[in-house]
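Chain by chain, the residues:
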Amino acid sequence: MAKDDIFKKIIAHCKEYGFIFPSSEIYDGLGAVYDYGQNGAELKNNIKKYWWDAMVLLNENIVGIDSAIFMHPRIWEASGHVGAFNDPLIDNKDSKKRYRADTLIEDFLDKLEDKIHKELEKARNKFGDDFDEEKFKETNPRVLETRKKINEIKSRYIKASEKEDLGELKQIILDAGIACPESGSKNWTDVRQFNLMFSTQLGSVNEDTYTIYLRPETAQGIFVNFLNVQKTARLKIPFGIAQIGKAFRNEIVARQFVLRMREFEQMEMQYFISPGTEMKWYEFWKNARMKWHKAIGMGDEKYRFHDHDKLAHYANAATDIEFKFPTGFKEVEGIHSRTDYDLGNHEEFSGKKIQYFDNETNKSYCPYVVETSIGLDRTLFSIISNAFTQEKVDWEGSAKEERVVMKIHPALTPVKLAVLPLTKKDGLPEKAREIMDNLKLDFNCQYEEKDSIGRRYRRQDAIGTPFCITVDHQTLDDNTVTVRYRDTMKQERVNISRLQEIMGEKVSMKKLLEKLK
Ligand code: GAP
């Protein structure tokens, strides 16, 4: 199936099964804003818990905070967001579509890289074991020509970005012959800067109101609380402050469902370190964060690092962890070495000393920072899109039919188990309720008695419930139930007293966290 069709199917599934809805849908929606339904909210909470515990429980030197969304407007001047949090945008005159100029160029470079990759694959298939990849790259004329083109465009692009030379960005698009993905036309406007922050008015009386911004990242709430937290928690460098919260960006190209939203959620951790140790900690957090992602079990090959050529205004080194979505690789998390850019600027703009006193060296300094910044919505969608599976099954002995099953890690699934009385009579519902009442203190359980057992299994598969417990007439005689496993669809008869043990093991967050040690 075409990539776009799968993407559309997954979006439809998200809506049908209460994961994600378009926001304000009865008013025809609001661009790039989404609401999480009953299953999406549970999944989100589980991901947050996995992240929070991995940061705050597993690291004695990391604490978590929850700072306000509204912040003093000077913060955004100090952070550079008022001056530099811009996207260069360009319009295609024929399709009237608006694009980010940098994204157009980066996508074009990715296409050229793909071209080289395809040449290599073709040659590898042709020459088999005798294939010498390095030699091929150095000698094949088509590969050499494409590499030369990539290097030329890249070098111009980096220079133009550093100098914020918008004319040169447009010229690169023209020279490379980049066409509008919608219309194929190369008829472009000039490139213009566009600030991504939303603003609003604070205060009720006209004279007292002033413009404030909805935070475009949660990180600044951590920076401005650096002294409060360090002193009250008596933390010694190196230490980290973690936070989960909403961020807002007036994205120009708001497409691709929850991958690019105007209101989204971030999970950020700022790690405060001494100057000169930033590369060591940058490498450390790169590896630690990749391990966190891979522990979810979606396949190591689904992830890759993508080092930035063009650095954000605050960073001296940066990489993305990218995940392979149905539409291709896309960033889910950024790891940035931010130096003392933020604390230093807040010191200057606020006029307050932001220094750390090192008892061992008897010196004060402004700490450096390595940050890990993961998008909760993108992580959630990576899990959903990876879990979405369509398979042909032999349903209750009938002809083969299709089931849609969400193969989400059991520790993260919205519902952990469903309790299903086989019929609505003979005391089975009462027995099922009794089982449910015992288990619901530990697990998110669902009780369902409507429809055939097959349909109920199918509904649970579609939201990823790892266990279905069926209560039948035998249950009343010998206190046993059948446990049906989501992925294998195998059923096992077990005593009710064993349910806690069987499921607790599989759905426990501890299992995930243990992999991070
Ligand atoms: N404090 C650093 C920072 O905000 P970023 O790379 O701009 O860095 C971090 O954002 C993460 O936030 C990204 O990796 C992505 O997962 C998520 N993110 C950024 N913009 C987003 C958007 N418009 N919609 C959904 N997620 C977004």
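Predicted model only: the values in this text are computed from it and were never measured. (Residues numbered from 1 in each chain as written. Predicted model: local features only at pLDDT ≥ 70, side-chain atom pairs only at ≥ 80, totals over all residues. Heavy atoms only, no water.)

Next up on the list: the overall build of the chain. Each helix and strand in the chain was counted, giving 18 helices and 23 strands. With the C-alpha coordinates aligned to their principal axes, the bounding extent of the chain is approximately 80 × 65 × 55 Å. Expressed as a percentage of its 517 residues, the buried residues of the chain come to 48%. Contacts in the chain between residues far apart in sequence, at least 24 positions, make up 65% of those at least 6 positions apart. About 25600 Å² of surface is accessible on the chain, with carbon and sulfur atoms providing 48% of the total. For the chain, the separation between the mean place of its 81 positive charges and that of its 84 negative charges on side chains is 2 Å. (Helix = DSSP H or I, 4+ residues; strand = E, 2+ residues; numbered from the N terminus. Buried < 20%, exposed > 50% of the residue type's maximum accessible area, 1.4 Å probe, protein only. Contact = heavy atoms within 4.5 Å. Areas by Shrake-Rupley, 256 points an atom, 1.4 Å probe, with all protein chains shown as cover. Lys, Arg positive; Asp, Glu negative; His and termini not counted. Charge placed at Lys NZ, Arg CZ, Asp CG, Glu CD.)

Before going further, it helps to examine the domain arrangement of the chain. Much of the literature gives interface size as the accessible area that the parts lose upon coming together. According to the domain assignment, the chain contains domain 1 (1–72 + 196–405), domain 2 (86–194) and domain 3 (410–514). Listed as interface residues are nine residues of domain 1 and, on the opposing side, eleven residues of domain 2. Summed over the three residues of domain 1 that lose the most area to domain 2, namely Ile252, Asp309 and Lys310, the buried surface amounts to 56% of that side. Joining domain 1 to domain 2, the criterion identifies zero salt bridges. Along the contact surface separating domain 1 from domain 2 lie zero residue pairs in polar contact (both at pLDDT 80 or more). Looking at the side of domain 1 that touches domain 2, its residues break down into three nonpolar, one polar and five charged. (Domains from an automatic or database assignment. Buried area = accessible area lost by both parts, 1.4 Å probe. Salt bridge = Lys/Arg side-chain N within 4 Å of Asp/Glu carboxyl O. Polar contact = N/O pair within 3.5 Å; in protein donor to acceptor, adjacent residues only side chain to side chain. Nonpolar A, V, L, I, M, F, W, Y, C, P; charged D, E, K, R; others polar.)

Packing of helix α5 (residues 101–127) against helix α7 (residues 141–162) leaves a shortest axis separation of 10 Å and a crossing angle of 160°. The orientation of α5 relative to α7 falls into the category roughly antiparallel. For the crossing formed where α5 meets α7, the hand is left-handed. Contact residues: Asp102, Ile105, Glu106, Phe108, Leu109, Leu112, Glu113, Lys115, Ile116 and Glu119 in α5; Arg142, Val143, Thr146, Arg147, Lys149, Ile150, Ile153, Lys154 and Tyr157 in α7. (Axes fitted to C-alpha atoms, helices over the stretch in contact; angles between N-to-C directions. Parallel < 35°, antiparallel > 145°, perpendicular 65-115°, else oblique. Left-handed = near helix turned anticlockwise from the far one by under 90°.)

With that settled, the discussion passes to the environment of Thr482. Secondary-structure assignment places Thr482 in strand β22 (residues 480–485). In sequence terms Thr482 and Asp472 are ten residues apart; their C-alpha atoms lie 8.4 Å from each other. The residues touching Thr482, leaving out its near neighbours within four places in the chain, are Cys468, Ile469, Thr470, Gln491, Glu492 and Arg493.

Okay, the site of the ligand next. Close contacts around the ligand come from 22 residues, with Glu217, Glu251, Met261, Glu268 and Glu331 the closest. Glu268 is positioned such that a nitrogen or oxygen atom in its side chain is 2.4 Å from a nitrogen atom of the ligand. In this structure, Gly375 approaches the ligand through a main-chain N or O atom, which is 3.2 Å from an oxygen atom. Protein burial of the ligand: of its 560 Å² of free accessible surface, 94% is covered by the chains. (Near = heavy atom within 4 Å.)

What follows covers a nonpolar patch on the surface. On the surface, a nonpolar cluster with roughly 280 Å² of combined accessible area is contributed by Phe70, Leu202 and Tyr210. With respect to the helices and strands, Phe70 occurs in the loop between β3 (62–65) and α3 (74–78). Under the relative-accessibility criterion, Phe70 is labelled partly exposed at 47%. (Patch = residues over 30% accessible without salt bridge, like charges linked within 9 Å, V, L, I, M, F, W, Y side chains within 5 Å.)

For the rest of this paragraph, the subject is the sheet that holds strand β11 (residues 303–307). The strand order β3-β9-β10-β16-β13-β12-β11 describes an open sheet built from seven strands, whose pairing is mixed. Each having just a single partner strand, β3 and β11 make up the two edges of the open sheet. Each neighbouring strand pair of the sheet contributes to a mean axis angle of 25°, computed without reference to strand direction. Relative to strand β16 (residues 368–375), strand β13 (residues 328–339) runs antiparallel, the two sharing six bridges. Residue Gly334 lies in a different strand from β16, and its bridge partner there is Ser373. Of the strands in this sheet, β3, β9 (239–248), β10 (263–273) and β16 are in contact with helix α2 (residues 38–57), which crosses β9 at around 160°. (Pairing = 2+ DSSP bridges.)

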